[in-house]
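# Coordinate analysis (summary)
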Amino acid sequence: LDGLADAEGQLIPLAVRQMWHGAAPIQRASEIYALFAREAFARRPDAYIETGWMTPVCARPYATTFRYADEVEDYLSPYPFGGFETHFDYAVWQTLLFGQRPNMGANTGDPNRPDALTWLRGALALGAQATLSFDLTRLSPERLVEYRAHLTHLRPFEGETRFDAAVPPTTVAHVRGPLVYTGVINREDRARTIRLDLAALGLETGVPYTYYDVENRGFGQLTDGLAVSLPPRSFRLLVMRRTPGVLWTPSSFEETPEPGGLRVVLDGPPQVEGMAWLASPPPAAVLLDGQPLAVGATPGYQYDAAHGVLQVRYAHNGPRTLEVRWPE
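Below: a short report on this structure. (Residues numbered from 1 in each chain as written. Predicted model: local features only at pLDDT ≥ 70, side-chain atom pairs only at ≥ 80, totals over all residues. Heavy atoms only, no water.)

When you line up the elements, Gln94 lands in helix H3 (residues 84–98). Given the relative accessible area of 1%, Gln94 is considered buried. Contact partners of Gln94, with chain neighbours within four places excluded, come to Thr55, Phe66, Gly99, Gln100 and Pro102. (Helix = DSSP H or I, 4+ residues; strand = E, 2+ residues; numbered from the N terminus. Buried < 20%, exposed > 50% of the residue type's maximum accessible area, 1.4 Å probe, protein only. Contact = heavy atoms within 4.5 Å.)

Written out as structure tokens, the structure is:
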């Protein structure tokens, strides 16, 4: 449902459309939402309804997700053609104030531009939905690997989203099972160092988290917090977990804890190399499809003892079963 009460081609001037104005259009939009929801859910209780442009609070029961407005490729751009920061901030207020399930919008344009993945990273930190509006099959294998690594983690609205007490929040964490997707945003036109405080996000402290810095492709550990240096108008995503298991991979994965170890089923396209990074204590053995892997080989593994990260390399050749066993 697109453009309710604000159809393209109508006579309201753009300057007026950009203003917060009277309640009549919002009331009419709510009536339309209610009509569509009543008819759709009567036929399919699990129907998916996505809407945008008008997101009144009272429309919450009538749509699955609420988009803010159209999107442009810029990091910062105002309504009605919002950039990343505009969509991110509106998604924050939808979650906190409206109780709506936000939609970061359609990621359009050139998928190879450097900031294209920022929209997916924002969606991961908010536990929200995002849409890719281009043909993934036209990407190079290397670029496809980057998108797959983000998309395999994207499961909108599963888990819990938490915010710090700043207005607007500068740190956010989406907790889904053992994984925590943490976002840090700098809205200023100057570089800043922002404190990621785990306690402020309701996360346990005292036991270290292993994290992957998606932007910088680096690993680390933090116990109580982390000082994050950000350029002007920028966003960072950290994927964290404190228990052993997958941190980042371009493969689809399903992990199962086992006594003294972990079992992970991995899969992906044969034209790209498989690679998985796991938070792990020093392994006693690493096996792929029941066969022991050697250190430094391909297939094989390496272990970063300083950060507690196990890196495994393998070929995508149908589902692969990775087993990690730890010393007793």
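Moving on: the sheet that holds strand S5 (residues 102–107). Taken in spatial order, the four strands line up as S1-S2-S5-S6 in an open sheet, and their pairing is parallel. The open sheet terminates on both sides in strands that have one partner only, identified here as strand S1 (50–52) and strand S6 (129–132). For this sheet the average axis-to-axis angle between neighbouring strands, irrespective of direction, equals 30°. The strands touched by H3 within the sheet are strand S2 (65–67) and S5, with S5 carrying the most contacts at an inclination of about 160°. (Pairing = 2+ DSSP bridges. Axes fitted to C-alpha atoms, helices over the stretch in contact; angles between N-to-C directions.)

This part covers helix H4 (residues 118–126). Taken across its nine residues, H4 has nine buried, putting it largely inside the fold. Looking only at H4, the buried set comprises Thr118, Trp119, Leu120, Arg121, Gly122, Ala123, Leu124, Ala125 and Leu126.

Alignment of S5 against S6, held across three bridges, turns out to be parallel. Directly across from Ala106, in S6, lies its bridge partner Thr131.

Time to look at the nonpolar core. Judged by nonpolar contacts, the single largest core of 38 residues is most densely connected at Phe88, Met104, Leu126, Phe235, Leu237 and Val239. Of all the secondary structure elements, the ones that give two or more residues to this core are H3, H4, helix H5 (141–151), strand S9 (179–186), strand S14 (234–241), strand S15 (245–248) and strand S18 (273–279). Looking at which element gives the most residues to this core, the answer is H4, with six residues. The residues contacting Leu237, other than those within four sequence positions of it, are Arg121, Leu124, Ala125, Tyr181, Thr182, Tyr212, Asp213, Val214 and Glu215. Grouped together as the second largest cluster of nonpolar side chains are 17 residues, Phe253, Val264, Val312 and Val324 included. (Core = buried A, V, L, I, M, F, W, Y, C linked by side-chain atoms within 4.5 Å.)

Tallying each qualifying case throughout the model produces 14 aromatic pairs. With a centroid separation of 5.9 Å and an interplanar angle of 80°, the aromatic rings of Phe84 and Trp119 are classed as edge-to-face. On the criterion of sequence distance, the pair formed by Phe84 in helix H3 and Trp119 in helix H4 is long-range, its members being 35 residues apart. In this pair, the class of Phe84 matches that of Trp119, namely buried. Considering the side-chain rings of Phe219 and Trp277, the 6.3 Å spacing of their centres and the 35° angle between planes classify their relative orientation as tilted. Placement of Phe219 in strand S12 (residues 218–222) and of Trp277 in strand S18 is noted, with a sequence separation of 58 residues between them. The ring of Phe157 carries Arg101 above its face, with NZ or CZ at 5.1 Å from the centroid. (Phe/Tyr/Trp six-rings, centres within 6.5 Å; stacked < 30°, edge-to-face > 60°. Lys NZ or Arg CZ within 6 Å of the ring centre and 35° of its normal.)

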